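Chain by chain, the residues run as shown.
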Amino acid sequence: MSLLKMAPSAEERTTIHEMFLNTLDQKTISFQSRVLPPNAVWMEKSKLKSLEICHPQERNIFNRIFGGFLMRKAYELGWATACNFGGSRPFVVAVDDIMFQKPVEVGSLLFLSSQVCFTQGNYIQVRVHSEVASLHNKEHTTTNVFHFTFMSENEVPLVFPRTYGESMLYLDGQRHFNSMSASDTMKKDYLLKPQGKPRLLETSVPQ
């Protein structure tokens, strides 16, 4: 069902077209003139990036960078992105399955790029793309893609895609949010109106 392999459904295409129409400037009625609706943010304005140098102390028994270190760095950047976007401290409510597509070698330059790709009410869907750079040919290779669902204390702005690529990111974020919100955990604990501050998940980070 990846959007890299299959076209969006009819319902998803309608959603993107309606969002596009909502951003047209009614004064000019031109496809090139775009304006944001009230309480909305362009998706390209929600990005944060970071760079990590992978030191030997973060290696595992296979002499590669420990997966827990990569997950922690991705989560921290995703949390900062949701915090910056929502204007308050967010609370993580769901983490998508994490697949390690490629091991990260000691000494690698790890580039992390985080972006808000979908919002709904108090919820913020954040996508973190992780890649390493080859020192020989300067090529970047994807190692992981992380998906986090956060809940803000206040209602957050709507995020609007400007390009076709961003529209695909929006639909991908919407799919992940819908699949996570259908889980029993989110139905029971989070999709109700929060009373005061939401309950924090207790987590432990391997040393």
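Everything that follows concerns the structure shown earlier in this document.
Residues numbered from 1 in each chain as written. Predicted model: local features only at pLDDT ≥ 70, side-chain atom pairs only at ≥ 80, totals over all residues. Heavy atoms only, no water.

K.L.:
I'd like a description of the overall build of the chain, backed by residues and values.
P.N.:
Secondary structure assignment for the chain yields four helices and seven strands. In the chain, the order of α-helices and β-strands from amino to carboxyl end is α-β-β-α-β-β-β-β-β-α-α. Sorting the 207 residues of the chain into buried and exposed places 41% on the buried side. Looking at the chain as shown, the accessible area adds up to about 12600 Å², and 54% of this sits on carbon and sulfur atoms. (Helix = DSSP H or I, 4+ residues; strand = E, 2+ residues; numbered from the N terminus. Buried < 20%, exposed > 50% of the residue type's maximum accessible area, 1.4 Å probe, protein only. Areas by Shrake-Rupley, 256 points an atom, 1.4 Å probe, with all protein chains shown as cover.)

K.L.:
I'd love a proper account of the sheet that holds strand β2 (residues 47–53), names of residues and values included.
P.N.:
Taking strand neighbours across the sheet as the criterion, the five strands line up as β2-β4-β5-β6-β3 in an open arrangement whose pairing is antiparallel. Strands at the two margins of the open sheet, each flanked by one partner only, are β2 and β3 (91–95). Neighbouring strand axes in the sheet, compared pairwise and without regard to direction, differ in orientation by 30 degrees on average. With four bridges connecting them, β3 and strand β6 (residues 140–151) associate as antiparallel partners. When the sheet's bridge partners are listed, Val95 is paired in β6 with Phe148. Those strands touched by helix α3 (residues 164–181) are β3, β4 (109–120), β5 (123–133) and β6, and its axis lies near 75 degrees from that of β4. (Pairing = 2+ DSSP bridges. Axes fitted to C-alpha atoms, helices over the stretch in contact; angles between N-to-C directions. Contact = heavy atoms within 4.5 Å.)

K.L.:
Help me get a handle on the packing of aromatic side chains, residues and values and all.
P.N.:
Applying the stated criterion to the full structure yields seven aromatic pairs. Through a chain of ring-to-ring contacts, three or more aromatic side chains come together here, namely Tyr75, Phe146, Phe148 and Phe150. Geometry around Trp42 places Arg162 over its ring, the cationic atom sitting 4.1 Å from the centre. (Phe/Tyr/Trp six-rings, centres within 6.5 Å; stacked < 30°, edge-to-face > 60°. Lys NZ or Arg CZ within 6 Å of the ring centre and 35° of its normal.)

K.L.:
Any chance you could break down helix α2 (residues 67–86) for me, citing the residues and the numbers?
P.N.:
Relative to the 28 Å expected for 20 residues at 1.5 Å per residue, α2 spans 28 Å between its end C-alpha atoms, a close match to the ideal helical length. Looking at α2, one finds that the buried residues are Gly67, Gly68, Phe69, Leu70, Lys73, Ala74, Leu77, Gly78, Thr81, Ala82, Phe85 and Gly86. Close packing links the buried residues of α2 with β1 (40–42), β2, β4, β5, β6 and β7 (158–160). Downstream of α2 by one or two residues, Gly87 has phi in the positive range, about 75 degrees. (Expected span 1.5 Å × (residues − 1).)

K.L.:
Explain the nonpolar core residue by residue, including any values.
P.N.:
Core analysis: the largest hydrophobic core is formed by 39 residues, its most contacted members being Ile124, Val126, Val128, Phe150 and Tyr170. It is α2 that provides the largest number of residues to this core, a total of six residues. With near-sequence residues (within four places) excluded, Phe150 lies in contact with Tyr75, Gly78, Trp79, Ala82, Pro90, Phe91, Val92, Val93, Asn122, Tyr123, Ile124 and Val126. (Core = buried A, V, L, I, M, F, W, Y, C linked by side-chain atoms within 4.5 Å.)

K.L.:
Describe the environment of His147, naming the residues involved and giving the relevant values.
P.N.:
Note that His147 resides in strand β6. For His147, a relative accessible area of 7% corresponds to the buried category. Spatially, the C-alpha atoms of His147 and Gly173 are 8.0 Å apart, while their sequence positions differ by 26 residues. Within the structure, His147 has its side chain in polar contact with the side chain of His176 (distance 3.5 Å). (Polar contact = N/O pair within 3.5 Å; in protein donor to acceptor, adjacent residues only side chain to side chain.)

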